[in-house]
Amino acid sequence: MAAAVSAAEKGAKVTILERNEKAGKKIYITGKGRCNFTNAAPIDDFYANIVTNPKFMYSAFAHFDNNDLIKFIEDSGVRTKVERGGRLFPESDRASDITKAFTNRLHELGVEIKLNTRVLGLIEENGAVVGVKACEEGHISSQREYRADAVILACGGKSYPTTGSDGNIIPVLKNLGLKENECYPALVPLETEEDYIKEMQGLSLKNVELRIFSEKKKKPIYDEFGEMLFTHFGISGPIVLSASSKIAKTLIKEEQLKAEIDLKPHLEEEKLRNRLIRIVEENPNKSFAHFFDDLLPSKMIPVMLELSGIDTSKKLNSVTKQEREEVLNLLRHFPLTITGTRGFKEAIITGGGLSVKEVDPKTMQVKKFPGLYACGEMLDVDALTGGFNLQSAFSMGALAGYSAALSQTSRY
């Protein structure tokens, strides 16, 4: 939609071939239905939040940045608000308002949107792309050709396939000889090996530190503070989703990764040690079963008691210094093993995709094929949560539309 608006504003006649029954279907589920459409951070901060190929985004952000997007949304009559971490949402908390901002502008510009239309392949003549082959969704016999001076692909990745982005364009790109980096789920919950993780299902932890390790590196490959959640399959929550994008390629190679949670990251080692001593001194005749009562959420206590290996009936004044140190170590290094991700059905975005080496970052044109442009999640560019992925998609789309329209007007 961003590409279509941009191209139409430059005077191009534009048709959108939309696979779904409505345009912008994936927008409706972003930000838990509220649509965190961008971030208020300075544009330099965007690059720090892009995990893969941030430099590729220089021209796209220079052409259409977060301030441009905010202005576009507000000029359409949608009031916006800034929340924690600079995240921007429509004031109404309705993702549909963002979709309407684009569709209303498309109608104003006379852009035709053909719904329930599936692209099957590209039409190539003399080394250039001159159109696409498409059919009504579910009716291959209705196949027809759509000829055009320029074709912009904005087909999404493989995450949330029910929204239409299931990777169906990948074979088409491969048939053109374009390099496609293996796709993988990103910003996705993680599965763990230990049964005791599942016992804490539903427990949310705030202000903890998650560290993940690779066998080949001494330092953690991921280390972040924040909020996380235990589930029936493993772990989720903000710092876990971010971790999934950072560790995805390593997890594919190593199959499982060791991790640990610092449950008291803001307490210095000696202060935490003294607190454990104080618990013993203030409750000498209580059993060890009550040691964690004021330290941890109740749902976590049975797990910690079991992992400590200390007899729960033991009086606190009988707990040895070595046992206290073992407890301290558990609080600092609560162990877990990551075995995989929840897959594309639960992934917010897709990692991998069309190699950015195949695309000119200054125009979004596919280098080998004049007339063909590609943008958005289908490219090997992905970012952390906070509105950075949607802004990247909108920026790439705007640049692709502008470049496609400009190339045609300069041709005649």
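Since the model is a prediction, treat every value here as computed from it, not as a measurement. (Residues numbered from 1 in each chain as written. Predicted model: local features only at pLDDT ≥ 70, side-chain atom pairs only at ≥ 80, totals over all residues. Heavy atoms only, no water.)

1. Side note on the overall build of the protein chain
Thinking step 1. Across its full length, the protein chain holds 12 helices and 20 strands.
Thinking step 2. Per-residue burial over the protein chain gives 51% buried out of 412 residues.
Thinking step 3. Taking as baseline every contact in the protein chain between residues at least 6 positions apart, the subset at least 24 positions apart corresponds to 73%.
Thinking step 4. Taking the average place of the 55 positive charges on the side chains of the protein chain and the average place of its 56 negative ones, the gap between the two points comes to 2 Å. (Helix = DSSP H or I, 4+ residues; strand = E, 2+ residues; numbered from the N terminus. Buried < 20%, exposed > 50% of the residue type's maximum accessible area, 1.4 Å probe, protein only. Contact = heavy atoms within 4.5 Å. Lys, Arg positive; Asp, Glu negative; His and termini not counted. Charge placed at Lys NZ, Arg CZ, Asp CG, Glu CD.)

2. Structural notes on the sheet that holds strand 8 (residues 128-136)
Thinking step 1. With antiparallel pairing, the 3 strands of this open sheet are ordered in space as 7-8-9. Each edge of the open sheet is held by one strand with a lone partner, namely strand 7 (117-125) and strand 9 (139-147). Each neighbouring strand pair of the sheet contributes to a mean axis angle of 30°, computed without reference to strand direction.
Thinking step 2. Here strand 8 runs beside strand 9; their pairing, made up of 5 bridges, is antiparallel. (Pairing = 2+ DSSP bridges. Axes fitted to C-alpha atoms, helices over the stretch in contact; angles between N-to-C directions.)

3. Here's the deal with the pairing of strand 7
Thinking step 1. Pairing of strand 7 with strand 8, which is carried by 8 bridges, proceeds in the antiparallel orientation. Within strand 8, the position partnered with Leu 122 by the bridge is Val 132.
Thinking step 2. Counted along the chain from strand 7 to the antiparallel partner strand 8, the turn is 2 residues long, and its residue Asn 126 has a positive phi close to 55°.

4. Let's talk about unusual backbone geometry
Apart from glycine, the bulk of residues carry a negative phi angle, and the bulk of peptide bonds sit in the trans form.
Thinking step 1. Unusually for a residue other than glycine, Lys 32 sits at a positive phi of about 55°.
Thinking step 2. Within the secondary structure, Lys 32 sits in the loop between strand 1 (15-17) and strand 2 (38-39).
Thinking step 3. For Lys 32, a relative accessible area of 84% gives the class exposed.
Thinking step 4. Look at Asn 207: it is not a glycine, yet its phi comes out positive at around 55°.

5. Points about the pairing of strand 8
Thinking step 1. Of all 9 residues that make up strand 8, 7 are buried, and the element is covered over most of its length.
Thinking step 2. Hairpin connection between strand 8 and strand 9: a loop of 2 residues separates the two successive antiparallel strands, and Gly 138 in this loop has a positive phi of roughly 85°.

6. Digging into the pattern of salt bridges
Thinking step 1. According to the stated counting rule, one finds 28 salt bridges in the structure shown.
Thinking step 2. A salt bridge links Arg 211 to Glu 209, with the nearest nitrogen and oxygen atoms 3.2 Å apart. An identical accessibility class is assigned to Arg 211 and Glu 209; each is buried.
Thinking step 3. Its salt-bridge partner being Glu 325, residue Arg 273 comes within 2.6 Å of it at the nearest N-O pair. One end of the pair, Arg 273, is in helix 9 (residues 269-282); the other, Glu 325, is in helix 11 (residues 321-332), with 52 residues separating them in the sequence.
Thinking step 4. On the accessibility criterion, Glu 325 (28% relative accessible area) is partly exposed. (Salt bridge = Lys/Arg side-chain N within 4 Å of Asp/Glu carboxyl O.)

7. Re the sheet that holds strand 2
Thinking step 1. Read from one edge to the other, the open sheet built from 3 strands follows the order 2-5-4, with strand pairing classed as antiparallel. Looking at strand neighbours, the two that pair on one side only are strand 2 and strand 4 (80-83), the edges of this open sheet.
Thinking step 2. Pairing geometry for strand 4 and strand 5 (residues 87-90), over 4 bridges, is antiparallel. Bridging across to strand 5, Val 82 finds its partner in Leu 88.

8. Topic: a negative patch on the surface
Thinking step 1. A contiguous patch of negative charge on the surface is contributed by Glu 193, Asp 195, Glu 199 and Glu 306.
Thinking step 2. Of note, Glu 193 is situated in the loop between strand 12 (190-192) and helix 7 (195-198).
Thinking step 3. The exposure class of Glu 193 is partly exposed, given its relative accessible area of 46%. (Patch = residues over 30% accessible without salt bridge, like charges linked within 9 Å, V, L, I, M, F, W, Y side chains within 5 Å. Areas by Shrake-Rupley, 256 points an atom, 1.4 Å probe, with all protein chains shown as cover.)

9. Side note on the packing of aromatic side chains
Thinking step 1. One pass over the structure, following the stated rule, counts 10 aromatic pairs.
Thinking step 2. Arranged with centres 4.8 Å apart and planes meeting at 40°, the rings of Phe 72 and Phe 102 form a pair that is tilted. Here the residue Phe 72 occupies a position in helix 4 (residues 66-75), and Phe 102 occupies one in helix 5 (residues 96-108), the gap between them amounting to 30 residues.
Thinking step 3. The class of Phe 72 is buried, set by a relative accessible area of 17%.
Thinking step 4. The rings of Phe 46, Tyr 47, Tyr 58, Phe 61 and Phe 388 are connected pair by pair, giving a single aromatic cluster.
Thinking step 5. Here the basic side chain of Arg 144 rests over the ring of Tyr 146, its NZ or CZ set 3.9 Å away from the ring centre. (Phe/Tyr/Trp six-rings, centres within 6.5 Å; stacked < 30°, edge-to-face > 60°. Lys NZ or Arg CZ within 6 Å of the ring centre and 35° of its normal.)

10. Quick notes on the packing of helix 1 (residues 2-9) against helix 5
Thinking step 1. For the pair helix 1 and helix 5, the least separation of the axes is 10 Å and the interaxial angle reads 30°. For the element pair helix 1 / helix 5, the angle class is roughly parallel. The two elements helix 1 and helix 5 meet at a crossing, and its hand is left-handed. Between helix 1 and helix 5, the residues in contact are Ala 2, Ala 4, Val 5 and Glu 9 and Phe 102, Arg 105 and Leu 106, respectively. (Parallel < 35°, antiparallel > 145°, perpendicular 65-115°, else oblique. Left-handed = near helix turned anticlockwise from the far one by under 90°.)

11. Observations regarding helix 8 (residues 238-254)
Thinking step 1. Between the first and last C-alpha of helix 8 there are 23 Å, a value that for 17 residues agrees with the 24 Å anticipated at 1.5 Å per step.
Thinking step 2. Of all the bends in helix 8, the largest measures some 60° and sits at Ile 247.
Thinking step 3. Every buried residue belonging to helix 8 is among Ile 239, Val 240, Leu 241, Ser 242, Ala 243, Ser 244, Ser 245, Ile 247, Ala 248, Leu 251 and Glu 254, and all of these are buried. (Expected span 1.5 Å × (residues − 1). Bend = angle between axes of the 7 residues up to and from the residue.)

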